[in-house]
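Chains, contacts and geometry: an overview
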Amino acid sequence: GTGAAAPAIELIGVAKDYASRRGAVTAVETVDLQIAEGEFFSLLGPSGCGKTTTLRMIGGFEEPSRGQILLHGSDVTATPPNRRDVNLVFQSYALFPHLDVAGNVAFGLKRKGIRGQAMRDRVTNMLELVELGALADRKPKELSGGQQQRVALARALVNEPRALLLDEPLGALDLKLRETMQIELKRIQREVGITFVYVTHDQSEALTMSDRIAVMNKGRIEQLAAPRDLYERPRTRFVAGFIGTSNVLRRTVKTVTTDGTGPVAILDAGIDEQLMVPLHDDLGSVTTGSVVELTVRPEKIGMTVERPDGDVCLLRGRVTEVVYLGTNTTYTVFTPGGDEITVFWQNSSDSADIARRGDEVWLSWREDHSFALAPGA
Ligand code: ATP
């Protein structure tokens, strides 16, 4: 055909209010998004931000109070779950205890009238995909948590839905197993090539697997971007704090100039110090006297005893905490202005500690390694 294909999933002004005795509770304020066919897309945010409600509306298990939901270009806002071409996987996998692994996976096929050799072939292929071929005869209680999760996944995929919705599916697993399963899920999604929509409150999980992430807060999307963009260019204080660790500095603008790449705010700083930050488009107008918040990641900050030369951002401070973590050391540095700055220092084989508790140090970073946050956020 001609023209671009419709997105696999599209939400237009979708909102959800729940009636309660004390009036309406708004679970989702308004969400607009488009998810492409074959994308691994995550909804990430703290407990209660509305991500599960959003996922359940995509699946048809909740009806939006306002807005429209489109799957592959057709409006399904009022379509029941069993007539949408999507499948849902929960944290509690709810396997049938009396059926073996193959029986659990075959269950959905039987209901669709697929039997005999065709059914057996599809079950075998699915068990190979999730690497459970050798365990087809086991009962769920004879499996580990990770293996049970794989069965649940195989069962959800065997009907070949066009999209799979996953609600914290790894939440019950311990950290090591969860990390293994994250890589596995990503591999499986790549192999089957269908759209995954994944709900999690775990930022490292979202960063590991996703093509794009919508960070949600209080029923709204704060930022929707690829993992690297979210980390390197968080638009709001919430996103900067929720994804990884970040330092946020709040300063008054002395003047606005331009360098080779665009406008730059020169900020108030102490004697011998210098602070500046590039100004990107959606900041609105920033002028002399405006207050700006900038964020800089702990691993972008250099720490030296001597004041470094050059056109870099520079702060001085005193080391108040040193935590050795093997591959890196975390330093906490207090500035005379009252800012507490975290620095991650990568330990190489020949490095001694670069500073000790109580030392006076200089902190420096490249201006373009810091990012200005949207005002009021
Ligand atoms: P969690 O990670 O804790 O599951 P979440 O981000 O998935 O959180 P939701 O489950 O979508 O959040 O809930 C969003 C808000 O809507 C919460 O304040 C919740 O209490 C409320 N809510 C959810 N379901 C209902 C319901 N059936 N009736 C009333 N309020 C609800």
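The present account deals with the structure reproduced in this document. Note that the structure is predicted; figures quoted are calculated from it, not measured.

Considerations on the overall build of the chain
Counting its regular elements, the chain contains eight helices and 20 strands. Dimensions along the principal axes, computed over C-alpha positions, put the chain at roughly 80 × 50 × 50 Å. Burial status across the chain gives 34% buried among its 377 residues. A separation of at least 24 residues holds for 65% of the contacts in the chain among residues at least 6 apart in sequence.

Digging into the sheet that holds strand β20 (residues 370-372)
To summarise the sheet geometry, strands pair through backbone hydrogen bonds and adopt either a parallel or an antiparallel arrangement. The strand order β13-β12-β11-β14-β20 describes an open sheet built from five strands, whose pairing is antiparallel. The open sheet has two edge strands, β13 (275-278) and β20, and neither has a second partner. Direction aside, neighbouring strands of the sheet carry axes that sit 45° apart on average. Bridge analysis of strand β12 (residues 262-267) against β13 gives four bridges, and the strand direction is antiparallel. Residue pairing for β13: A265 is matched across the bridge by V277.

Thoughts on unusual backbone geometry
Within the chain, E160 stands out as a residue other than glycine whose phi angle is a positive 50°. Relative to the helices and strands, E160 resides in the loop between α4 (145-157) and β7 (163-167). Classification of E160 as exposed rests on a count of 11 C-beta atoms within 10 Å. Not every positive phi belongs to a glycine, and K218 is a case in point at roughly 50°.

Definitions and limits used
Residues numbered from 1 in each chain as written. Predicted model: local features only at pLDDT ≥ 70, side-chain atom pairs only at ≥ 80, totals over all residues. Helix = DSSP H or I, 4+ residues; strand = E, 2+ residues; numbered from the N terminus. Buried ≥ 20, exposed ≤ 12 C-beta atoms within 10 Å, placed from the backbone. Contact = placed C-beta atoms within 7 Å. Pairing = 2+ DSSP bridges. Axes fitted to C-alpha atoms, helices over the stretch in contact; angles between N-to-C directions.

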